[in-house]
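Fold and geometry: a report
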Amino acid sequence: MKVVIVCVSVSHGNTERVAEVMAGVLGARVVSPEEIEPADLDSCDLVGFGSGIFGMDFHPRLLRFVEELPGEQRRKAFVFTTSGLPEPPFRRYLRRLARLLGHKGFDVVGTFSCRGFDTWFPFRLVGGIGKNRPGTADLDAARRFAERLTA
Ligand SMILES: Cc1cc2nc3c(=O)[nH]c(=O)nc-3n(C[C@H](O)[C@H](O)[C@H](O)COP(=O)(O)O)c2cc1C
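An unreviewed UniProt entry lists the chain under the name Flavodoxin-like domain-containing protein, with Amycolatopsis japonica as the source organism.

Counting 23 residues, the largest nonpolar core has Val-6, Leu-41, Phe-49, Phe-58 and Leu-97 as its most contacted members. Elements supplying a minimum of two residues to this core: strand 1 (3–8), strand 3 (46–52), helix 2 (60–67), strand 4 (75–83) and helix 3 (93–103). Residues in contact with Phe-58, not counting those within four places in the same chain, are Ser-51, Gly-52, Ile-53, Leu-63, Val-79, Phe-80, Thr-81, Tyr-93, Leu-94 and Leu-97. Met-22, Ala-23, Leu-139 and Leu-149 belong to the second-largest nonpolar core, a separate cluster that totals 20 residues.

Before going further, it helps to spend a moment on the site of the ligand. Around the ligand, the surrounding shell holds 20 residues, and the nearest of these are Ser-9, His-12, Thr-15, Ile-53 and Thr-82. Between Ser-11 and the ligand, the recorded distance is 2.7 Å, taken from a backbone N or O atom to an oxygen atom. Note that an oxygen atom of the ligand is positioned 2.6 Å from one of the backbone N or O atoms of Ile-53. When isolated, the ligand has an accessible area of 650 Å², and the protein chains bury 88% of it. Those elements giving two or more residues to the shell around the ligand turn out to be helix 1 (14–26) and strand 4.

Definitions and cut-offs
Residues numbered from 1 in each chain as written. Predicted model: local features only at pLDDT ≥ 70, side-chain atom pairs only at ≥ 80, totals over all residues. Heavy atoms only, no water. Core = buried A, V, L, I, M, F, W, Y, C linked by side-chain atoms within 4.5 Å. Buried < 20%, exposed > 50% of the residue type's maximum accessible area, 1.4 Å probe, protein only. Helix = DSSP H or I, 4+ residues; strand = E, 2+ residues; numbered from the N terminus. Contact = heavy atoms within 4.5 Å. Near = heavy atom within 4 Å. Polar contact = N/O pair within 3.5 Å; in protein donor to acceptor, adjacent residues only side chain to side chain. Areas by Shrake-Rupley, 256 points an atom, 1.4 Å probe, with all protein chains shown as cover.

Right, here's the structure in full:
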């Protein structure tokens, strides 16, 4: 199974750590949007898309990459994120990205999220929140999520 994980992890490397655990299970390559051409995804059986959450959405670099995909082929995908706070009910960013990927021909077979160390203002004033996240339990959950994708 050929798997590529497209990941933007700019704040603390939180999402990158999750991506690497998933990549270990899936035998995947982790790349940034700038390191891969959309056409390179054509030969993939499964593509992961992940980033931290910034202003209640995925990172703009990841969203731009997805928006610019041609959407010609049906492929499987999964979506993952780390964020300082849980996803609010009024802003379902995981579902929004899954829907956008659906418009691009992807069948989204799973989503994963966990907390990540967050120093976004005003949390910075108190030294940040989620200091040890993603932690062992988060990374174990990420591993199990990836194992289910291979089943
Ligand atoms: C400028 C900025 C904006 C952020 N906005 C949000 C947000 O809207 N919701 C949230 O839950 N976390 C927010 N965060 C926290 C990040 O999503 C969190 O730290 C994430 O784990 C960062 O992932 P990374 O280290 O892989 O980049 C924000 C962080 C920064 C620096």
